[in-house]
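Next come the chains, spelled out residue by residue.
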2 protein chains.
Amino acid sequence: MTGNSPDFTVSLRAAGLRPTRQRVALARVLFEGGHRHVTAESLHAEVKATRMPVSLATVYNTLNQFREAGLLREVVVAPGRSYFDTNTGHHHHFFVETDGELHDFPSDEVTIAGLPTPPEGTKLSRVDVIVRVRR
Amino acid sequence: MTGNSPDFTVSLRAAGLRPTRQRVALARVLFEGGHRHVTAESLHAEVKATRMPVSLATVYNTLNQFREAGLLREVVVAPGRSYFDTNTGHHHHFFVETDGELHDFPSDEVTIAGLPTPPEGTKLSRVDVIVRVRR
DNA sequence: CAATAACTTAGAACGGTTCTAAGGTTCTTG
DNA sequence: CAAGAACCTTAGAACCGTTCTAAGTTATTG
């Protein structure tokens, strides 16, 4: 019980999700290394390479459940493509428009001053900064 | 020739686009009042209400051409939906997540300091700030 | 006003995402 | 540890916003 790899069973259960074979396999691919940016398709390809059969529908379901559970954050940079980011902390993004790459940068070096107050009856949810660059 | 409404024929021609009935009708809906945020569907509904027949394909074509010509700016806030903004100047957005509304706010009151330098071999294209709020 | 190039159109196609309904897995309870 | 219940996964269909296709139409040019 003193294994040296993170126990995804525990974190999944903590998120209210049964630790099924598929979800554990996906969690491993997503969270075992450093921070990742994946699309449903790219994650599907990766998990299939581990020889654990997971359908594309399950990849979509799981990404959405992980996002709802706060384990992932969705980043929308271009129409028709959703990225999921395993870094759920405060940070912003570089987006290389010419090749679709997404990179994090920490938000603690960035100061945003003078933001107007939200419209009546709304409360702040998040501030996204996307720095778009081209090659 | 000294009419008091903008001459879209001229601006379309300046953008390298023939001033067809459809494009003029769309330009009128888009640019005749103040700044607008539209989707292809919403613009299609509006222009049809003027009793000028325009197909949805033409709305898409025209929005893309106007964007390429710098007459519009595309704003990506949520997966699977593109907004086009008639305000092409420097400004940022409020996005009311709970009902899909988009509002401009001027960028000159906002200061963003400490942005990291773009990755090697890339040059800055634009910095988007999206302030997400909920009701 | 004819010839040409550009444009519009309906409908099909497309790509990413969600839904459906059937079967399989995990959990709970005794 | 068996059995039922709840939950999950799956293939394939459906869906939705967008783009493509091929044919007909319109603006421009000479």
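Structure report, in brief. Quick caveat: nothing in here was measured; it's all calculated off a predicted structure.

What follows deals with the environment of P116(B). By the secondary structure assignment, P116(B) is in the loop between β6 (111-113) and β7 (123-134). When the C-alpha atoms of P116(B) and E97(B) are compared, they prove to be 28 Å apart, with 19 residues separating the residues in sequence. Discounting residues that sit within four places of it in the chain, P116(B) has contacts with F94(A), F105(A) and V110(A).

Here we take up the packing of aromatic side chains. Counted by the stated rule, this structure contains five aromatic pairs over all chains. With a centroid separation of 6.5 Å and an interplanar angle of 35°, the aromatic rings of F8(A) and F31(A) are classed as tilted. With a gap of 23 residues between them, F8(A) in helix α1 (residues 8-14) and F31(A) in helix α2 (residues 21-31) connect regions that are remote in the sequence. By relative accessible area, which is 8% here, F8(A) ends up buried. For F31(A), a relative accessible area of 24% translates into the label partly exposed. Relative to F105(B), the ring of F94(B) lies with its centre 5.2 Å away and its plane at 55°, an arrangement referred to as tilted. With a gap of 11 residues between them, F94(B) in strand β4 (residues 91-96) and F105(B) in strand β5 (residues 101-106) connect regions that are remote in the sequence. By relative accessible area, which is 4% here, F105(B) ends up buried. Linked through ring pairs, F8(A), F31(A) and F66(A) together constitute an aromatic cluster.

About the criteria used
- Residues numbered from 1 in each chain as written.
- Chains lettered and ligands numbered in written order.
- Predicted model: local features only at pLDDT ≥ 70, side-chain atom pairs only at ≥ 80, totals over all residues.
- Heavy atoms only, no water.
- Helix = DSSP H or I, 4+ residues; strand = E, 2+ residues; numbered from the N terminus.
- Contact = heavy atoms within 4.5 Å.
- Phe/Tyr/Trp six-rings, centres within 6.5 Å; stacked < 30°, edge-to-face > 60°.
- Buried < 20%, exposed > 50% of the residue type's maximum accessible area, 1.4 Å probe, protein only.

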